Amino acid sequence: MSHPLHYRHGELCLDDTRLADLVHAHGTPTYVYSGRYLQERYQAFAHALGPNTLLCYAVKANSNLHLLGLLARLGAGFDIVSGGELERVLRAGGDPRRIVFSGVGKSRAEIRRALEVGIFCLNVESAAELERVSAIAQELGVQAPVALRVNPDVDPGTHPYIATGLQESKFGIPIAEAETLYAQSWPHVQFIGIAAHIGSQLLDLAPIGEAARRLRSLYERLQAHGLPLRHLDLGGGVGIRYHNETPPTPADYAATLEEALASLPAQRVVELGRALVGNAGVLLTRVEYRKSNGSKEFCVVDAAMNDLLRPSLYGAWHDILPLQEPRAAGTPMDVVGPVCESGDFFARNRLLQAEAGDLLAILGAGAYGFAMSSQYNSRPRAAEVLVLGQENRLIRRRETLADLWAAEEDL
Ligand SMILES: *Cc1c(COP(=O)(O)O)cnc(C)c1O
């Protein structure tokens, strides 16, 4: 499973495709994904986890229809957090019986549609939501398949915005309260599992193992009381390398789950987003200007925080490589976009060689990149291209200016 990026004859390539050729064809800013790498990551996790695990792709990481279709053809399940994601998965050919639906704020319409199409499981996050699900199932004359998403109260040691399994977080139900709900009689609900998701970009597997043990012990208590549960959903959150991290391998991750859950007769579900698609993607951008303010050097590029929010939102690091292989280490500069916010940056004091007109690739942009993009500052959203073998295909056209105001006219 080799990383998709390398220099060949001094030019940066993604697998066999010269990225400069894609800029020529599609302009900048443009997201480019390696379909080969995404497939290999999926298969590596599927193989390590084995046939007793439903490997769901967390759609919110990157919801492009063509990537969803590619994963659906490999047999992936899907973890969704909205009715919009549900429809995307269905349009892409995903199997509703392999969908789990997470999220704290599911609307009536979203729950109804999920039950109508027959999804695998609703991960319910509160007593109030359980009542809503039960009422809608009664109206439809069905039994809703439900796992309660519990809050295992473990610290995943990640950025506070993406830590979701701590007691003070808005997500999940405290284990003691979940136990009470499971013990009650809900005639229109079929409890089929227990779910949790403790956070994202986890580099240490110990908290995942600890959460799995807490879920296991709850599972065993409920089974002892005669509740016929079938699966444990351990969520997602496996981290990737953005800079110099050492992320868990698929084998490490599978071994951690195996150690916690060995011999438990339950199906397993995991919900991986970033670990599958994060390093499959880059964002291509062109340098518009160089400038210096006194002692500080700036490289102003044509992508911005509206295209890739992670540096602004989390202070996240993304490696940046010039499309022409550099001949020297370069000088420290801030790589910034055109948006009118000081938080609009991709890198600070980064050693780079970059002049106006040069092309750059921002790495690790496959997950929470395009998916979090907006039209802020009235900037049309970027194009997306999928590279697969010798072929490369536009999988989302660049938005036009007319797209900016299409929903505001002809009312
Ligand atoms: C975001 C999310 C995931 C995926 O997280 P990654 O870090 O991308 O693996 C999985 N499950 C739930 C409930 C989520 O909210």
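Here is what the cut-offs are and how they apply
Think of each chain on its own: its residues are numbered from 1, step by step along the sequence as written. Local features in a predicted model are, by the rule used here, given only for residues with pLDDT of at least 70; side-chain atom pairs are given and counted only at 80 or more, and totals for whole chains, interfaces and linings are based on all residues. Excluded from the side-chain calculations are hydrogens and water; all other atoms, namely the structure's heavy atoms, are used. Secondary structure elements follow DSSP: runs of H or I of four or more residues count as helices, runs of E of two or more count as strands, with numbering from the N terminus. Only protein chains enter the accessibility calculation, which uses a 1.4 Å probe; a residue is then buried when its area is under 20% of its type maximum, exposed when over 50%, and partly exposed in between. In this description, contact between two residues means that some pair of their heavy atoms is separated by no more than 4.5 Å. Any pair of N or O atoms that falls within 3.5 Å is considered a polar contact. Within protein, one atom must be able to donate a hydrogen and the other to accept it, and sequence-neighbouring residues count only if both atoms are side-chain atoms. Throughout, disulfides are identified as pairs of cysteine sulfur atoms within 2.5 Å of each other. In this analysis an axis means a line fitted to C-alpha atoms, helices contributing only their contacting stretch, and an angle means the value between N-to-C directions, from 0 to 180 degrees. Should an angle fall under 35 degrees it is taken as roughly parallel, and over 145 as roughly antiparallel, whereas 65 to 115 is taken as roughly perpendicular and any remaining angle as oblique. Left-handed is the label given to a crossing in which the near helix is rotated counterclockwise from the far helix by less than a right angle, and right-handed is the label when the rotation is clockwise. All residues other than Ala, Val, Leu, Ile, Met, Phe, Trp, Tyr, Cys, Pro, Asp, Glu, Lys and Arg, Gly among them, are scored as polar; the first ten of these are nonpolar and the last four charged. Throughout, the edges of the domains are those of an automatic or database domain assignment. By buried area we mean how much accessible surface two parts lose on assembly, using a 1.4 Å probe and totalling the loss over both.

Novice: Describe the environment of Ser34, and please don't skip the residues or the numbers.
Specialist: Relative to the assigned elements, Ser34 resides in strand β4 (residues 30–34). For Ser34, a relative accessible area of 1% translates into the label buried. Note: C-alpha distance between Ser34 and Tyr219 (185 residues apart in sequence) is 39 Å. Non-local contacts of Ser34, meaning those with residues more than four positions away in its chain, are made with Pro4, Leu14, Asp15, Ala280, Leu386 and Val387. A polar contact is formed between the side chain of Ser34 and the backbone nitrogen of Tyr37, at a distance of 2.9 Å.

Novice: Mind laying out the state of the cysteines, listing which residues take part and the relevant values?
Specialist: Under the counting rule described, the total for this entry stands at zero disulfides. With no disulfide of its own, Cys299 lies 17 Å from the sulfur of Cys340, the closest cysteine sulfur. Look at Cys299 and you get buried, because its relative accessible area is 0%.

Novice: Let's hear about the packing of helix α2 (residues 35–49) against helix α3 (residues 65–73): which residues, and what values?
Specialist: Interaxial distance between α2 and α3 falls to 10 Å at its minimum, and their mutual angle equals 40°. Regarding the angle of α2 to α3, the classification is oblique. Every pair of crossing elements has a handedness; the one defined by α2 and α3 is right-handed. On α3, the residues touching Gly35, Leu38, Gln39 and Tyr42 of α2 are Leu67, Leu70 and Leu71. By residue class, the composition of the contact of α2 with α3 is five nonpolar, two polar and no charged.

Novice: Would you mind going over unusual backbone geometry in detail, with residue names and values included?
Specialist: Here the amide bond leading from Thr28 into Pro29 is cis, since omega sits at -10°, within 30 degrees of zero. In the Ramachandran plot, Asp153 falls in the positive-phi region, its phi being about 55° despite a non-glycine side chain. Along the chain, Asp153 turns up in the loop between β9 (144–151) and β10 (173–174). Of note in the backbone geometry, Asp410 takes a positive phi value of approximately 55° without being a glycine. Within the element layout of this structure, Asp410 appears in the segment after α12 (401–405).

Novice: Before we move on, can you summarise the domain arrangement of the protein with the specific residues and values?
Specialist: The domain architecture assigned to the protein consists of domain 1 (5–33 + 279–409) and domain 2 (95–272). Using C-alpha coordinates to define each centre, domain 1 is positioned 35 Å away from domain 2. On the side of domain 2, eight residues touch domain 1, which itself brings nine residues to the contact. Contact between domain 1 and domain 2 buries roughly 800 Å² in total, counting both sides, with carbon and sulfur atoms accounting for 55%.

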